[in-house]
Amino acid sequence: MAKISNIKGLKAYIQDIRNCSTKEAERERVDKELGKIRKKYTSDKAMTAYDKRKYMWKLLYTRLLGYDVDFGVKNASDLIAAPGYSEKQVGYIACGVFLNEKDEFLRLVINSVRNDLISRNEAFQCLSLDFIANVGGSEFSQLLTADVMGVLANGATRPVVRKKAALCLLRLIRKAPADAEILQPEVWGVKLATMLEDRDVGVLLGLTTLLLGVASRSYEGYEACVPRIVRVLERCKQRDVSQDYTYYGLASPWLQVKCLRVLQYFPPPEEPVVHRMLVDVVKRILGGSEPVKNVNKNNAVHAIVFEAVAVAIALDEPELCTLGVALLAKFLSVREPNLKYLALENMARLAEVPAVVDTVNRHQKTIMACLRDGDVSIRRRALDLLFTMCTPDNAADIVGELLSYLTLADYSMREELVLKTAVLAERFLPSLEWYVDSMLTLMERAGDSAINDLWHSVVQLVTNNPQLQPYAARKCADALRRGASFEVFVKCTGYILGEHGHLLSAAGEVPLLEQFQLLQDRFLVAAPETKALLLTAYEKMLVAEPENAPLREGVEAVMSRYAGTLDAELAQRAVEYRGLAARLDVARAAVKPLPKWEKRASLLLRRLAEKEGEDADEARERPAWMSQAVEESAGEEAGSPSGSAAGLGGLSAPGTATAAAAAANGAAPLDLLDLLDLSDTPTKAAEAAPPAAAAGPAPESAAAAAAPANVMDLLSSLGGPGSPPAQQPAAPAAANPFGGPEVAAAEAPAQPARAPSGTVPLVAAVGAMASAKAASPRAPAAAAPPAAVAPAAATVAAAPTPAAAPALAAAVVSDDPFASDAFFAAAAGPAPIQPLGDVAAWFRKLCTATSGILYEDAFLQIGVKSQLSAGSVQLSLFLGNKGGEALQALVLAAPPTPAFALQLGPVPEVLDAKKQVQVPLSATCLAPFTSPPLVQLGYRVPSTGQVLSRSLELPLVPTKFCQPVDVPPAVFQQRWQQVAGPPFKLAAALPGAATRAAAEALLPALGFRLLQGLDSEPAALSAACVFHCGGAEGAPPRQVPCMVRLEGLGSAAASVAVASADATTSEALRGRLAALLA
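Overview of the structure. (Residues numbered from 1 in each chain as written. Predicted model: local features only at pLDDT ≥ 70, side-chain atom pairs only at ≥ 80, totals over all residues. Heavy atoms only, no water.)

Right, let's talk about the packing of aromatic side chains for a bit. Following the criterion strictly, the structure yields 19 aromatic pairs and no others. Taking 6.5 Å as the distance between ring centres and 55 degrees as the angle between the ring planes, the aromatic pair formed by Phe929 and Phe1027 counts as tilted. Taken together, the positions of Phe929 in the loop between strand 10 (916–925) and strand 11 (934–940) and Phe1027 in strand 16 (residues 1021–1029) put the pair 98 residues apart, joining distant regions of the chain. Each member of the pair Phe929 and Phe1027 is classed as buried. Every member of this aromatic cluster is reached through a ring pair, and the members are Phe516, Phe523, Tyr538 and Tyr562. A cation sits over an aromatic face here: Arg414 above Tyr411, 4.5 Å from the ring centre. Directly above the ring of Phe387 sits Lys420, whose terminal nitrogen or CZ lies 5.4 Å from the centroid. (Phe/Tyr/Trp six-rings, centres within 6.5 Å; stacked < 30°, edge-to-face > 60°. Helix = DSSP H or I, 4+ residues; strand = E, 2+ residues; numbered from the N terminus. Buried < 20%, exposed > 50% of the residue type's maximum accessible area, 1.4 Å probe, protein only. Lys NZ or Arg CZ within 6 Å of the ring centre and 35° of its normal.)

Rendered as C-alpha cells:
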C-alpha cells in the first residue's frame, strides 16, 4: 500500500477530529471539511494528483466515521483510470467502500478494471482482482470471468496474482446465474488438477478454496483433483512448506483443513495407492493429536482433527473410526466447552457407523455426565448423541438416565427430551411391561411438556396386547395413588382404567369404586376434552358393575351435574350417558371392548421427523455423491388418534350416530365409537381436535335395522319435563379442516342453546333437523364425520367446510329412521335461528377487506372494522338489534388461544330494540397459526323463546399480519432455491383457472409485494412479504420472511407455492391463498 502519512492535510484533519470534545463539535468540523471538498470538486480549476488523493482519503475517513458522504463516487472512478499506482489505490478503495454490487455506478469503472486486469503490471492486476472479489456482482461475472480465468491459467504470472485470481473466480462463480456454466468440468477438471501441483502454498490454498466451492455444487468432472489433494496433505504432514506458512509448528493448518473438507465432497478414491496414502494421512492425524497448553496451537490441531474425523466417516474405515472415537472421548473430559461441544457433535456422526457402535458405547457414562453440564448447548448435543448411540443392549440404561434427568432438565429442552425418550422406549423396548412402566413414568415426570402422542402410543400397545391389560391397569392405579395429575397422564390412566379397570376389580386388587374416586379427584381441574374422556370411562365402569350402588351414585352425581353445563360436548355426553345407564340392556349392547388398532407408522417417529426438519443450508452443502431423497411430504402424515374420537370402546359418545336401538332389537352388537380414531389426518389437525370428539357414524345397515319404536323409547328415557335442559351441541371438529369444535360450530347454522322447559332435549334437537332436511341436499354418509344430533340418528353428513359454505348444519340421508313427517311434527320445538346469508362467504370477504358483515340473522347483525399495524389488529365489532324487542342474555366472549393475545371490551347483557353497540377487540399475534381465533356469540329472543349459541371465526387470518417487502429478483431466486422443500416450502393446485389479473389484485390486498422483472412468463407471478408476530405476553418479536410463486395462471394447471422460514406460516399462507384464489 502506498504511504499516506506524507499527506499533511489528511493528518491535520484526523488530528482535528480527535481533538473535538463533543459530538456537535465533531459534526461541525466534518461539515466544514465536506463543504470544502465539495467546493474543490465543483470548481473549474484543475486539481493536482496530490489533491485528488488527499481529498479522497478525507472522504474515506469521514465515511468510516459513520457520516453520510453523498458525493465523490465519480471522482473515485476517475482515480481508477489514472496512470499512477497511488491514485489507483485510493480509487479502488473508495469505490469498494462507497459502492455495492448492485450500484449502477459500477458500470463506469468496468472498462478501467478490465484494463488493469489484462495489463502486465502485477500491482494493477492485484488491485483489480481485489476489487472484483469484494464488489463484483452478476454483471462483473458476465463480463470479466474469462479475463480472470486467463490470469489464473497463465503460468508466467506471479503466485500472489494467481492466488488472488482463484479467489476472485470463486466470487464470480457464486454471483453468476444459477443456470450459467462458467467452469466446464471436462476442461477445468484437468486444469485444476495440473495447477494443484504448484509448489507455492498460497496458490494451493486459493485453488483448494476454489475447488471446494465448485465441488460443493457438483463434484463430477473434477475427480482427477483427488490424488493431487491427497499429495498436498502428505506434503503438509511431512512439513514440506516454507516457514511463512508454518503456524506453531504446524504446516499450513488452513490448507490441511481445506483439503480434508474438499475430500468429503468426493467418493472414496478407487486407486489403491491413493486410498492407502489417504488412510495413512488420516491415521497420523487421529493418532498423533494430543492437547497442548498453547491455546492457538490447540485450535489449529482441533480444526484438522474434526475434519479428519469427517473424512474417516466418508471412507468407512473401521480402524480410522475407532481412532476417531478414542480421540474424541479424550475431548469429552476437558473443561473447554467449545471442544466438548464439537466432540459430542462428531461422536454423534460416528455413532451412526455400525462398525464402531460398540466402541462409542464404552464411553456411555462420560456422555451421560455431559447431560448435567452447565452449558445448555452441550446438554443438547449429549442428548442427541445418546439418542443416536442407543441400541437394544443399552436402551434400558439410557432411557432410565433420561427419565432421571427429566426432572432437572431446562424447560427449553424438555419437549425434545420427552419426545426422544419416548421414541427410544418404543424402538428398543425389552419387554411390554418395561415399556408401560417407562411411558407412565415419562408422562408422570414430563408434566405439561408431555404430548398427546405419548398416551396414544401406550393405549394402542395395551389394547393390542390382552395379556398386558391387567398389568397396565394396575400400574395406572398405582401411579394415581402417588398423586400424579398432569393432563396427558390423566388421559392415559382414564382410558386404560375405563377399558380394563374391571379386570383389577374382578381380581380383587383395586375396586372400581376406588378407581372412580382416583379419577374423580382430578376431574374438576381437567381440560374439557379430558373431562369428556373421563365421563365415558365412568360410564364403562358403571356398565361393568351395574349392581355397585356407591359407584352408581357417584357416576350419576357427576352426570347430573354436567348435564346442564354450558359446554355442549360435556352436556350432551352427560345426558346421553345418564339415559343409557337407566337402560342397562341397551347400554350392555352398546358398550363393547375397544377393537385392536390397525398397525400404522409410529406417531412418535413422525412427530420427531417434524421437529427435526433438515436445515436448508446443510442439505445444500451435503456432498453430492451422498445425497439421498430424505424429504417427506407433510401431507402424507399418518393419522394420529389425538384428535378424533372419544368414547371407550364401543360406547357411543354424544354427537355420533349410534346403533343402540339396533342392539336393543337383537341386532348384532356394533363397535360404535372408539376412543381414538386412527384415520389418516394431519398431525396439526389431530392436535387441534380434542380427543373427545365424535368418531364417526355407525354402519347404515345396522342403523336401518333398528325398530323406530324402540328408538323412541331410548330417546324418551334420556330426558323429560323434569330433566335439566341440555345445551345444543356443536358440529364435530373433525368436519372442519381448520380444526377445533368451535370452528366447526361457526360454520354450521346456529342452533338453540337450550331446549325450552318441558321439551325432550334430544328430540328437540332432532326436530330442529326437520327444516334442514327439507332444504339441504342429500349427502353421502362417507362425505364427512356426522354432525352432533342424537345418539340414535342413523347416518348424518357433517357440516360442510367453509369452502363449500352452504348454510345448513347437517343433511339427513334416506335411511334415517326418523324421516317420517309425523315424527318431525311431534318432535319440533322452537325454530332455530338461521343466518340470512352465507357466513363463510362473509368471512372470505373480510379476509381481504377491512370492513364488512361478520354475521347476520333476523334479529342481530354484526359488522366489523379493522385497523392493521404489523403484529396487532384493532377490531371494532358493531352489534345491531334489527328487531322490535330487546335481545336478552347477550354474550360475546373471546376464548383464549395460544397464538393470540385477545382483549375484548365490555358487552351489555341486553341489547335494546333498534340499537347498536360497538365492542372493541384488540388482537396481537404471538406465534404463527393456521386457524383463526373465535368469538362465542349468544342471545335469547324473549317473545319466541329462540336461543342462539354459536361460535364465529374472526377475520384474523395470517395475511392480516403480513407487510409487503421489496426483494431484488436475484435475492428472491437465491432464497427460493435455498428452501429445500416441505414443510418450509409447500405447493397446492388451484381449482379452476385462476387468472393473472385476479392474482395481481388479490396479493397486494393480502399484504404481498408483487415483484417485477422476475417472471418472464405471463402465466407466472412472484410476491414477497414479512409475517409479524410476538412482542406481547413475553413472546419475543418475530419477522418471518415469506415468498409466493404462482404458475400456470389462466390454465387448469394453475398452482401456488409458498416458502418461508417457518413451517406453520407456510402451511397457513398456502391454505389461505389456495382458498381465496379458487
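After presenting the structure, the write-up continues.
This brings us to the pairing of strand 5 (residues 851–856). Two elements, strand 5 and strand 6 (residues 860–869), share five bridges in a ladder whose sense is antiparallel. Residue pairing for strand 6: Glu856 is matched across the bridge by Gln861. If you look at the hairpin formed by strand 5 and strand 6, you'll find three residues sitting between the two strands. (Pairing = 2+ DSSP bridges.)

Pairs of packed helices are described in terms of their axes, by the angle between the two and the distance that separates them. Axis separation between helix 1 (residues 8–19) and helix 2 (residues 23–42) bottoms out at 9 Å; the angle between their running directions is 155 degrees. One way to sum up the angle between helix 1 and helix 2 is to call them roughly antiparallel. Crossing of helix 1 over helix 2 shows right-handed handedness. Between helix 1 and helix 2, the contacting residues are Tyr13, Asp16 and Ile17 on the first element and Glu26, Arg29, Val30 and Glu33 on the second. Residue composition of the contact of helix 1 with helix 2, by class: three nonpolar, no polar and four charged. (Axes fitted to C-alpha atoms, helices over the stretch in contact; angles between N-to-C directions. Parallel < 35°, antiparallel > 145°, perpendicular 65-115°, else oblique. Left-handed = near helix turned anticlockwise from the far one by under 90°. Contact = heavy atoms within 4.5 Å. Nonpolar A, V, L, I, M, F, W, Y, C, P; charged D, E, K, R; others polar.)

In this section: the nonpolar core. Leu454, Ile496 and Tyr538 are the most contacted members of the largest nonpolar core, which totals 220 residues. Among the elements that make up this core, the one with the highest residue count is helix 15 (residues 295–315) (11 residues). Domain assignment of the residues forming this core places at least three in each of domain 1 (316–430) and domain 2 (432–604). Aside from chain neighbours lying at most four places away, what touches Leu454 is Val418, Ala422, Met439, Leu442, Met443 and Leu604. Membership of the second largest hydrophobic core comes to 65 residues, among which are Phe929, Val935, Val1058 and Leu1069. (Core = buried A, V, L, I, M, F, W, Y, C linked by side-chain atoms within 4.5 Å. Domains from an automatic or database assignment.)

Here we take up the pairing of strand 7 (residues 872–881). In terms of residue burial, strand 7 counts as a mostly covered element, since nine of its 10 residues are buried. Judged from the 10 bridges that link them, strand 6 and strand 7 form a sheet pairing that is antiparallel. Considered in strand 7, the bridge of Lys865 is made with Ser876. In this sheet, strand 10 lies alongside strand 7 in antiparallel orientation, the contact comprising nine bridges. Its bridge partner being in strand 10, Val873 is matched across the sheet by Ala923.

The phi angle at Tyr248 is positive, at roughly 50 degrees, despite the residue not being glycine. Given the relative accessible area of 38%, Tyr248 is considered partly exposed. Positive phi outside glycine occurs at Asp316, with the angle close to 60 degrees. Assignment of secondary structure puts Asp316 in the loop between helix 15 and helix 16 (318–331).

Read from one edge to the other, the open sheet built from three strands follows the order 8-11-12, with strand pairing classed as antiparallel. Strands with a single pairing partner mark the edges of an open sheet, and in this sheet they are strand 8 (888–893) and strand 12 (947–953). Neighbour-to-neighbour, the strand axes of this sheet turn through a mean angle of 10 degrees, independent of strand direction. As defined by bridge partners, strand 11 adjoins strand 12 across seven bridges and the pair is classed as antiparallel. If you follow Gly938 over to strand 12, its bridge partner there is Ser949.

For helix 23 (residues 432–446), spanning 15 residues, the distance from its first C-alpha to its last is 21 Å, which sits close to the expected 21 Å at 1.5 Å a residue. Every buried residue belonging to helix 23 is among Trp434, Tyr435, Val436, Ser438, Met439, Leu440, Leu442, Met443, Glu444 and Ala446, and all of these are buried. Note on helix 23: the residue one or two positions beyond its end, Gly447, has a positive phi of about 65 degrees. (Expected span 1.5 Å × (residues − 1).)

Turning our eyes to something else, we now look at the pattern of salt bridges. Going through the model one piece at a time under the given rule, you end up with 43 salt bridges. A salt bridge links Lys58 to Glu33; the nearest nitrogen and oxygen atoms lie 2.8 Å apart. Of this pair, Lys58 sits in helix 3 (residues 49–64) while Glu33 sits in helix 2; the two residues are 25 residues apart in sequence, bridging distant segments of the chain. Comparing Lys58 with Glu33, the two get one shared label, buried. For Lys54, the salt bridge identified is with Asp51, shortest N-O distance 3.8 Å. (Salt bridge = Lys/Arg side-chain N within 4 Å of Asp/Glu carboxyl O.)

With antiparallel pairing, the five strands of this open sheet are ordered in space as 5-6-7-10-9. Across the chains shown, the open sheet's two edge strands, defined by having one partner strand only, are strand 5 and strand 9 (900–904). Neighbour-to-neighbour, the strand axes of the sheet open up by a mean angle of 25 degrees, direction not taken into account. Packing against the sheet, helix 42 (residues 839–846) makes contact with strand 5 and strand 6, and its axis sits at approximately 160 degrees to strand 5.

Okay, the side chain of Thr208 next. Inspection of the secondary structure puts Thr208 in helix 11 (residues 201–215). Side-chain polar atoms of Thr208 contact the backbone oxygen of Leu204, separated by 2.6 Å. Dropping the residues within four chain positions of it, Thr208 is found in contact with Leu196, Ile229, Leu255, Lys258, Cys259 and Val262. (Polar contact = N/O pair within 3.5 Å; in protein donor to acceptor, adjacent residues only side chain to side chain.)

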